Amino acid sequence: MRLSVVIPNYNGINLLRKHLSEVLENIGSAEVILVDDASTDNSVSFIKNKFPRVRLIEKATNTGYASSVNLGIKAAAG
């Protein structure tokens, strides 16, 4: 069975700094998709520079949690 983890994000750089490493360490080979909802806090560059394993989907506008999760699920292989 293949597993995908979808993480919606909006200006969550502090939470990403604090918790993303631990998430990645504990999910084995699962695919990780982070959907950024037009953050303005450098979340995108942080993910690109520190977590190349994470598949990043960047949205141009903030359309909310549900649309971000749905977009991540559509992109998921698991």
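The structure we're discussing is the one just above.
All of these numbers come straight from a predicted model, not from anything done at the bench. (Residues numbered from 1 in each chain as written. Predicted model: local features only at pLDDT ≥ 70, side-chain atom pairs only at ≥ 80, totals over all residues. Heavy atoms only, no water.)

S.K.: Whenever I open this one, the sheet that holds strand 3 (residues 55-58) confuses me. Can you help?
M.R.: Whenever strands of a sheet pair, they do so through backbone hydrogen bonds, lying parallel or antiparallel. Reading across from one edge, 1-2-3 is the order of the 3 strands in this open sheet, with parallel pairing throughout. Of all the strands in the sheet, the pair left with one neighbour each is strand 1 (4-9) and strand 3. Neighbour-to-neighbour, the strand axes of this sheet turn through a mean angle of 20 degrees, independent of strand direction. Across 4 bridges, strand 2 (residues 31-36) lies against strand 3 in parallel orientation. Note on strand 3: the bridge partner recorded for I33 is R55. (Pairing = 2+ DSSP bridges. Helix = DSSP H or I, 4+ residues; strand = E, 2+ residues; numbered from the N terminus. Axes fitted to C-alpha atoms, helices over the stretch in contact; angles between N-to-C directions.)

S.K.: Which parts of the structure should I look at to understand the packing of aromatic side chains?
M.R.: How two aromatic rings sit relative to each other is given by the distance of their centres and the angle of their planes. Summed over the entire model, instances satisfying the criterion amount to 1 aromatic pair. Their ring planes at 65 degrees and their centres at 5.6 Å tell us that F46 and F51 sit as a pair that is edge-to-face. Like F51, F46 is buried. Lying over the aromatic face of F46, R17 brings its terminal NZ or CZ to 5.6 Å of the ring centre. (Phe/Tyr/Trp six-rings, centres within 6.5 Å; stacked < 30°, edge-to-face > 60°. Buried < 20%, exposed > 50% of the residue type's maximum accessible area, 1.4 Å probe, protein only. Lys NZ or Arg CZ within 6 Å of the ring centre and 35° of its normal.)

S.K.: Help me understand unusual backbone geometry in this model?
M.R.: Generally, phi is negative for residues other than glycine and the peptide bonds are trans, each holding for most cases. Phi is positive for N11, which is not a glycine, with a value near 50 degrees. Residue placement: N11 occurs in the loop between strand 1 and helix 1 (13-26). For N11, a relative accessible area of 30% puts it in the partly exposed group. Positioned with a positive phi, N42 is a non-glycine residue whose angle comes to about 70 degrees. Considering the arrangement of structural elements, one finds N42 in the loop between strand 2 and helix 2 (43-50).

S.K.: Quick question: what am I supposed to make of the pairing of strand 1 here?
M.R.: It is a general feature of regular strands that their side chains alternate between the two faces of the sheet. Judged from the 6 bridges that link them, strand 1 and strand 2 form a sheet pairing that is parallel. Residue pairing in the sheet places V5 in a bridge with V32 of strand 2. On the question of chirality, the crossover connecting strand 1 to the parallel strand 2 by way of helix 1 is right-handed. (Right-handed = clockwise from strand over helix to strand, strands pointing away.)

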